Amino acid sequence: MSIDGLQQHELQERWLIRGATLPDGTSTDIRLDGRGITELGIGLSQSGASVIDAEGLIALPGLVDLHAHLREPGYEHSETVLSGSRAAARGGFTSVFAMANTLPAQDTAGVVEQVLALGESAGYVDVQPIGAVTVGLAGKQLAELGAMASSKARVRVFSDDGFCVSDPLLMRRALEYVKAFDGVIAQHSQEPRLTENAQMNEGALSGELGLVGWPAVAEESIIARDVLLAEHVGSRLHVCHVSTAGSVDVIRWAKARGINVTAEVTPHHLLLTEDLVRGYDARFKVNPPLRSREDVQALRAGLADGTIDIVATDHAPHPVESKDCEWDAAANGMVGLESALSVVHAAVVATGLLDWADIERVLSRTPARIGRLVGQGNPIAVGSPAELTLYDPAATRVFGREDLAGTSTNSPYLSMTLPGEVRATFHRGYPTVLDGVVRSSLEIADQASGVVVHG
Amino acid sequence: MAHTVLTQADITRALTRISHEILESNRGPDNLVILGIPTRGVILARRIADIIQRIEPAATMLRVGSLDVTLYRDDLAHGRTRTPSRTEVPGSIDGATVVLVDDVLYSGRTIRSALDALGDHGRPTIVRLAVLVDRGHRELPIRADFVGRNLPTATDERINVHLVESDGDEFVSIDGGSNR
Amino acid sequence: MRHLLSTKDLSRDEAINLLDIAEDMADVAEREVKKLPTLRGKTVVNLFFEDSTRTRISFEAAAKRLSADVINFSAKGSSVSKGESLKDTAQTLAAIGADGVVIRHPASGAPAVLAASGWIDAGIINAGDGTHEHPTQALLDAFTIRRRIHGQASRGTGLDGVSVTIVGDVLHSRVARSNLWLLTTLGADVTFVAPPTLLPSDTSLWPARFSFDLDDAIDAGPDVVMMLRIQTERMHAAFFPSSREYSRVWGLDDARFRRLGPASIVMHPGPMNRGLEISSAAADSANSTVLEQVTNGVSVRMAALYLLLSGDRKESKNVD
C-alpha cells in the first residue's frame, strides 16, 4: 500500500475498551478509532489496539452541555475556548454549546464562526456556538439570526442568557423567526423589574440575611408567558436553568398542553440549597440563585418524570477577584463542567431517581437533539461516532483544585466529597482524558488537525 | 495535698487585730474609706468595717466599698478575657484615708492596678494596704501595712482562701509544691 | 468574643454579660477621670464605607475612653471610592497593625466576609452592614430599656416579659433585625408594625408578631415603642404612596403618643424625621430615650471593644 493511499483512520490509534458497562447495565468490549465505534461484543480481539481495562466503569456516550460560558472572545482572563474545552473533557463532555455573552457578543456570523474555529483548533470537544437573540444582548433589536444559522457554525440555539428577553413582542418575533431554520430560543427567564439588584432566593433566609430577594415568581411568570407565546406562534422554546418548584409546574402544564417546550436544570440547582449563602461566601452566588430544599426536591422530581428534559452546567468561570469580595459586589456564576457528572450522580442517581440510561438521555442524547447537533448524543453502537466517556461510579473523592481543568476556580464543590470520577473521554476516536488525566493541549491539537484535514 | 494554715478562728482573730491596727494608725475611725478588691477582698473589707463599727460604736462616717482592678491590669492581652466586677466607691475619696483590702498579696501587680484605679476616682491623703495573707515573691516595690499572716511559699504552691460568704466554708490552705 | 457580627450569635448569658460590663463602663463616665487604661497600645480602625457620623463618633469616643489609638478610615474620597477592593483595604489595615476593625458597609455580610477571609486577623465589629444587622445599636437599645425598667438593679437581668413594638421600614432596617434577635434572646416579646411592603416577604422564621395596624399595637399598651427611620427614597420605589400617607398611618403622632401608658418608653435610633415617623411631642417627651440611647451607645461600645480586644486572641479563637 502506498503512503498516498493511507487513510487517516489507519494512521490513528485503535482502542479496545475491555469490559465496560453500558447504560442499560450490559457489559461489553468496545473497539473504536477515528471512523467511529467499529465493534461491540465480549472478547473482542485486541490486535493493533491499545487496551483500556474498563472493568467496573460505565461507558456513556460523550456528554453534551447545552449551556456553558467559555468567555472567549473578550474575557480570556476567566476562560478561553481552549481552557473551557479542557474543563469539558475533564468532565466527560465531548460537546459544549458556547453561550453568546462574549465581547463582542456572538451576535453575528463572524463571531460565531470565530468561536467555532477556536473550538476546532483546540480539539477537545465540539464547540457549538449559541447565537445572541438581540444585538449585543441588549434586548432592543433582533440579531442576524438567519446569518448565524446559515454560517459555518450552523447556529440553531439562540439565547441572550445572562439577560432575559423580557420584551414580549421581541420574544414573540424571535420565536417566530427561528422557525425558518428549525431554531430554538433558549430563554433566561428572569423578569428584570422583579429582580432589580436581587442577590439571593427570596424567602425567610433573604429576610434574615438582609439580601435583596430574587423571587420565584420572577422566573415563573416569564416561563408562563413564553410557553403561551411559543404555543401561539407554533415555535420551539427552551427554558434555561429552571430553578423553582413553580417553574416545574408551569412547564409540566405546558407539556401536557402539547406546547413545544424543553427545559434544563443545572447540577448545582439539583444539589445545593440557599442555606449555603448564610456565610456570605460568594462562591455560592449564582443566577438564578440557589433555592430552597423544596425547590431542589421538585427539580429532581421534574427531571425524573421528564418535565425537565436535560441537565446543563451553566459553567460560568470568573476570576478570583470577582468572588473574593463582599456578596453584593461578587459576580454570579460557578464553574461546573468538571464536576457535573459527579454532582448529578450524587443528586439523582445515588438517590435512586434516575439510572444511567436516564443520565445518557439527559446529559447526551436530548441536549444534542434540542441543539440539533449532528455527530453527538448517539447511543454506543457500531457505526456511531467515537464519542464516549468512561466513568467510575464507585470512586469517591474530596473535590479539589486539582480536579479543575479550566482557567477559573470558582467551584462551589471545593472540599466537598463527591462520588464518581471520569476516567477517560474519547472525542472523534482519540482520548482527550486518559487515566483521569486531561491530555496535553499540543497532543490534542495535533490529533484534531489530523482529523479535520482528512475527515 | 492541701494543708490548712489558718482556721476560721485564726482568720477572725487576724481580722480583729488588723481592725485594731487600722484604728490605731488612723487614730480613730474618722475619714476612713475601706475598699475591698473583688472578690474576697470585698468580703474581708466588709468584715473589717463591721469589726471597726463594733469597736467604735459611735463611728458614723465609716465607709466601705469595692474597687475592681480588672480594667487596669497589665496582663489583659494574655489569657482569657476577664469579666470585670463591680466598683462601688462610696462618695468622694478626696482627702480620705483609703484602706485597700485583698486576700492574698503576691506579686504586687494587683495592688499596682488598684493604685491606678484609685487615682482615677480621686486623691486620697493616705492609702494603706491590708491583706489576710502575704505569701512573698513581690515583683514590684509594694508592701502591706496590715498583714494577717506571713506565709513563706514556693512559687509552685497555691494558696486557697475560702470564706463563708463566697465558699460556704472558711480556711486558708496551701496546695501543691514539689518539696512538701 | 472573637468578633461581633450579629446579635443572632449571642447567647443570653453573653448578652447579659456584655450589658453588665457596659454598666461598669457607664459608671466610668460618672467619674472625674472618664478614661480607662484598658486598651492602651491597641489600635482600633473605624472603617466606614458609608457615612455615619453618629455611629463613628460613638465608637471613637468608646475606643478613646479605653485608651486605644483610633484611626478613622472613611471610604469617601479615598482609594476605596477609586475601586480598591475590600480585600486590599483589609490587607492594608492588617499591615498597619489594626487590632480591631469597626466596619460600616452598604453590603450585607461585608463584616462576616472580612472576619472569615483571613485577610486580617483583627477583631471585627459590625457597625451596620447593608440591610442585615447593627448589633451595637440593638445592644444599646436593650441597655437603655433595661436601665429604664430596672434602674440600679439592672445588672444580671434580662428583659423577660417586656413588650417591644418596632414600627416602620422593617424590610430595610438592620436595627430591626439586630433588635429582633437580641430582645427575644433576652426574653422580650417583639411585635413589628409596618406596611406589608416594608416587611420581608417571608417572616416565618422570625420569633415575633406582625401587624399592619399601628393603632391596635398602641392600644395593646406596649412597654416600648421603637420608631424606625423612614427613608424618603423608599417612596420613589413604590413601597408606600406618599410621605403624608405614611405619616398618617404609620407615624407616632401626638394622638397616638398620648394613648401610650405613662411609663412607656419611646425610642428611635436616630437620626429622626420629625413629623414623619415621629412627632416632636413624642420625641421630646420624658418617655423618649433618644438622648439616653446616644449616651448609652458609648458604654455599650466600650464593653464590646473590651470583650473583643482584651485577652489572648489566639486563645479566644479556639473558644469560638
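Source: prediction; values computed, not measured.

Time to look at the overall build of chain C. For chain C, the helix and strand inventory stands at 13 helices and nine strands. Taken over the C-alpha trace, chain C has a radius of gyration of 19 Å; the compact-globule value for 320 residues is 20 Å, and the two agree within 12%. Its C-alpha atoms give chain C principal-axis dimensions of about 55 × 45 × 35 Å. Out of the 320 residues belonging to chain C, those deemed buried represent 59%. Looking at chain C alone, contacts between residues at least 24 apart form 76% of all its contacts between residues at least 6 apart. Looking at chain C, you have 35 positive and 39 negative side-chain charges, and the mean spots of the two groups are 5 Å apart.

Before going further, it helps to examine the overall build of chain B. A tally of helices and strands in chain B yields four helices and eight strands. On C-alpha atoms alone, chain B measures out to a radius of gyration of 16 Å, which is about the 16 Å that the 2.2 N^0.38 rule sets for 180 residues. Dimensions of chain B, computed from the C-alpha atoms along their principal axes, are close to 50 × 40 × 30 Å. Every one of the 180 residues in chain B was classed for burial, and the buried ones make up 47%. Long-range pairs, those at least 24 residues apart, make up 67% of the contacts in chain B with a sequence separation of at least 6. With the model as given, the accessible surface of chain B reaches about 8600 Å², and the carbon-plus-sulfur share is 48%. Charge centroids of chain B, computed over 22 positive and 25 negative side chains, lie 1 Å from each other.

The subject of this paragraph is the UniProt feature "short sequence motif: PRPP-binding" (unreviewed entry) in chain B. Mapped onto this structure's residue numbering, the UniProt feature "short sequence motif: PRPP-binding" (unreviewed entry) falls at residues 98-110 of chain B. As annotated, residues 98-110 of chain B has a helix share of 15% and a strand share of 62%, and its two end C-alpha atoms lie 16 Å apart.

Our next topic: the interface of chain C and chain B. Facing the 21 residues of chain C at the interface are 17 residues of chain B. Together chain C and chain B conceal approximately 1700 Å² of surface at their shared face, both sides included; 51% is due to carbon and sulfur atoms. In terms of surface lost to chain B, no three residues of chain C exceed Arg31, Tyr306 and Gly311 of chain C, which account for 25% of the buried area on that side. Counting the contacts that link chain C with chain B gives two salt bridges.

This part is about the UniProt feature "domain: Phosphoribosyltransferase" (unreviewed entry) in chain B. Sequence positions flagged by UniProt for "domain: Phosphoribosyltransferase" (unreviewed entry) are, in local numbering, residues 8-147 of chain B. Secondary structure content for residues 8-147 of chain B is 33% helix and 21% strand, while the C-alpha to C-alpha distance between its ends is 16 Å.

On to the sheet that holds strand β14 (residues 261-265) of chain A, then. Either a parallel or an antiparallel arrangement is found when strands of a sheet pair, and the pairing is made through backbone hydrogen bonds. Residue and element names in this part refer to chain A. Pairing is parallel in the open sheet, where five strands are placed in the order β9-β10-β13-β14-β15. Of all strands in the sheet, those with a lone pairing partner are β9 (157-158) and β15 (310-311), marking the two edges. In terms of strand pairing, β9 meets strand β10 (residues 184-187) through two bridges, oriented parallel. Among the inter-strand pairings, Phe158 is bridged to a residue of β10, identified as Ile185. In the packing of helix α7 (residues 216-233) onto the sheet, the strands contacted are β10, β13 (237-239) and β14, and the crossing angle to β13 comes to about 165°.

Residue and element names in this part refer to chain C. If you check UniProt for "binding site: L-aspartate" (unreviewed entry), the listed places come out as Lys82, Arg174 and Arg229 in our numbering. In this fold, Arg174 is placed in helix α6 (residues 174-185). Every residue in contact with Arg174, bar those within four places of it in the chain, is listed here: Glu50, Arg104, His105, Gly128, Asp129, Gly130, Thr131, His132, Glu133 and His134. A polar contact is formed between the side chain of Arg174 and the side chain of Glu50, at a distance of 3.0 Å. Turning to its location among the elements, Arg229 is positioned in the loop between β8 (224-227) and α8 (233-236). Residue class for Arg229 comes out partly exposed when judged on its relative accessible area of 32%. The contact partners of Arg229, leaving out residues within four places of it in the chain, are Asp169, His268, Pro271, Met272, Asn273 and Glu277.

What follows covers the domain arrangement of chain C. Residue and element names in this part refer to chain C. If you check the domain split of chain C, you get domain 1 (1-132 + 293-308) and domain 2 (133-288). For domain 1 and domain 2, the distance between their C-alpha centroids amounts to 25 Å. Each side of the interface is counted separately: domain 1 has 37 residues, and domain 2 has 36 residues. The junction of domain 1 with domain 2 conceals about 3000 Å² of combined surface from both sides, 55% of it contributed by carbon and sulfur atoms. Taken together, the connections running from domain 1 to domain 2 amount to seven salt bridges. Across the pair Arg12 and Asp160 runs a salt bridge, and its minimum N-O distance is 2.8 Å. At the junction of domain 1 with domain 2, the criterion picks out 19 residue pairs in polar contact (both at pLDDT 80 or more). Those elements that provide at least two residues to the side of domain 1 that touches domain 2 are α1 (12-30), α2 (53-65), β3 (100-105), β4 (123-129) and α12 (290-309). Looking at the side of domain 1 that touches domain 2, the element that brings in the most residues is α1, giving 11 residues. Considering only residue class, the side of domain 1 that touches domain 2 consists of 13 nonpolar, 13 polar and 11 charged.

Looking now at the interface of chain C and chain A. Residue-level contacts link 22 residues of chain C with 15 residues of chain A. Summing both sides of the interface, chain C and chain A together bury roughly 1400 Å²; the carbon and sulfur share of this comes to 55%. There are two salt bridges connecting chain C and chain A. Among the salt bridges present, the one from Glu208 of chain A reaches Lys8 of chain C, with a minimum N-O distance of 3.2 Å. At the surface where chain C touches chain A, the tally comes to nine residue pairs in polar contact (both at pLDDT 80 or more). Where the side of chain C that touches chain A is concerned, the elements lending two or more residues are α3 (86-96), α4 (110-117) and α6 of chain C. When residues in the side of chain C that touches chain A are grouped by element, the largest group, three residues, is from α4 of chain C. Within the side of chain C that touches chain A, the residues separate by chemical class into 11 nonpolar, seven polar and four charged.

All names here are of chain C. If you walk across this open sheet you meet the five strands as β7-β6-β5-β8-β9, and the pairing is parallel. Because the sheet does not close on itself, it has two edges, and the strands there are β7 (209-211) and β9 (265-267). Across the sheet, the axes of successive neighbouring strands diverge by a mean angle of 20°, strand direction being ignored. Against the sheet, helix α5 (residues 135-150) makes contact with β5 (163-167), β8 and β9, and its axis sits at roughly 160° relative to β9, the strand it touches most.

It is worth spelling out the pairing of β14 of chain A at this point. Residue and element names in this part refer to chain A. Counting buried residues in β14 gives five out of five residues, a clear majority hidden from the surface. Neither face of β14 is open: one carries Val261, Ala263 and Val265, the other Thr262 and Glu264, and all of them are buried. In terms of strand pairing, β13 meets β14 through three bridges, oriented parallel. Bridging across to β14, Leu237 finds its partner in Val261. As a crossover connection, the stretch from β13 through helix α8 (residues 245-256) into β14 is right-handed. Inspection of the sheet shows β14 paired to β15 by two bridges, in the parallel sense. Residue pairing for β15: Val265 is matched across the bridge by Val311.

Quick look at α5 of chain C now. All names here are of chain C. Taking 1.5 Å as the rise per residue, α5 with 16 residues should run 22 Å; its terminal C-alpha atoms sit 22 Å apart, in good agreement. Among the residues of α5, those classed as buried are Pro135, Thr136, Gln137, Ala138, Leu139, Leu140, Asp141, Ala142, Phe143, Thr144, Ile145 and Arg146. Taken from the residues just after α5, Gly151 is the one with a positive phi, measuring 55°.

For the rest of this paragraph, the subject is the confidence of the model for chain C. Confidence in the prediction of chain C, expressed as mean pLDDT, is 93, and 95% of residues score 70 or more. Confidence over residues 315-320 of chain C falls short of pLDDT 50; this stretch has seven contacts with residues more than four positions distant or in other chains.

Let us look at the nonpolar core. All names here are of chain C. In terms of nonpolar packing, the biggest core is built from 84 residues, with Ile145, Ile166, Leu183, Phe192 and Leu305 touching the most fellow members. In terms of residue count, α12 provides more of this core than any other element does, 10 residues in total. Of the residues that make up this core, three or more belong to each of domain 1 (1-132 + 293-308) and domain 2 (133-288). The residues touching Phe192, leaving out its near neighbours within four places in the chain, are Ile166, Val170, Ala176, Leu180, Leu199, Trp206, Ala208, Arg209, Phe210 and Ser211.

What counts and what doesn't
- Residues numbered from 1 in each chain as written.
- Chains lettered and ligands numbered in written order.
- Predicted model: local features only at pLDDT ≥ 70, side-chain atom pairs only at ≥ 80, totals over all residues.
- Heavy atoms only, no water.
- Helix = DSSP H or I, 4+ residues; strand = E, 2+ residues; numbered from the N terminus.
- Rg over C-alpha atoms; globule rule 2.2 N^0.38 Å.
- Buried < 20%, exposed > 50% of the residue type's maximum accessible area, 1.4 Å probe, protein only.
- Contact = heavy atoms within 4.5 Å.
- Lys, Arg positive; Asp, Glu negative; His and termini not counted.
- Charge placed at Lys NZ, Arg CZ, Asp CG, Glu CD.
- Areas by Shrake-Rupley, 256 points an atom, 1.4 Å probe, with all protein chains shown as cover.
- UniProt positions renumbered as here; feature names shortened; annotations may be inferred.
- Buried area = accessible area lost by both parts, 1.4 Å probe.
- Salt bridge = Lys/Arg side-chain N within 4 Å of Asp/Glu carboxyl O.
- Pairing = 2+ DSSP bridges.
- Axes fitted to C-alpha atoms, helices over the stretch in contact; angles between N-to-C directions.
- Polar contact = N/O pair within 3.5 Å; in protein donor to acceptor, adjacent residues only side chain to side chain.
- Domains from an automatic or database assignment.
- Nonpolar A, V, L, I, M, F, W, Y, C, P; charged D, E, K, R; others polar.
- Right-handed = clockwise from strand over helix to strand, strands pointing away.
- Expected span 1.5 Å × (residues − 1).
- pLDDT = per-residue confidence, 0-100.
- Core = buried A, V, L, I, M, F, W, Y, C linked by side-chain atoms within 4.5 Å.

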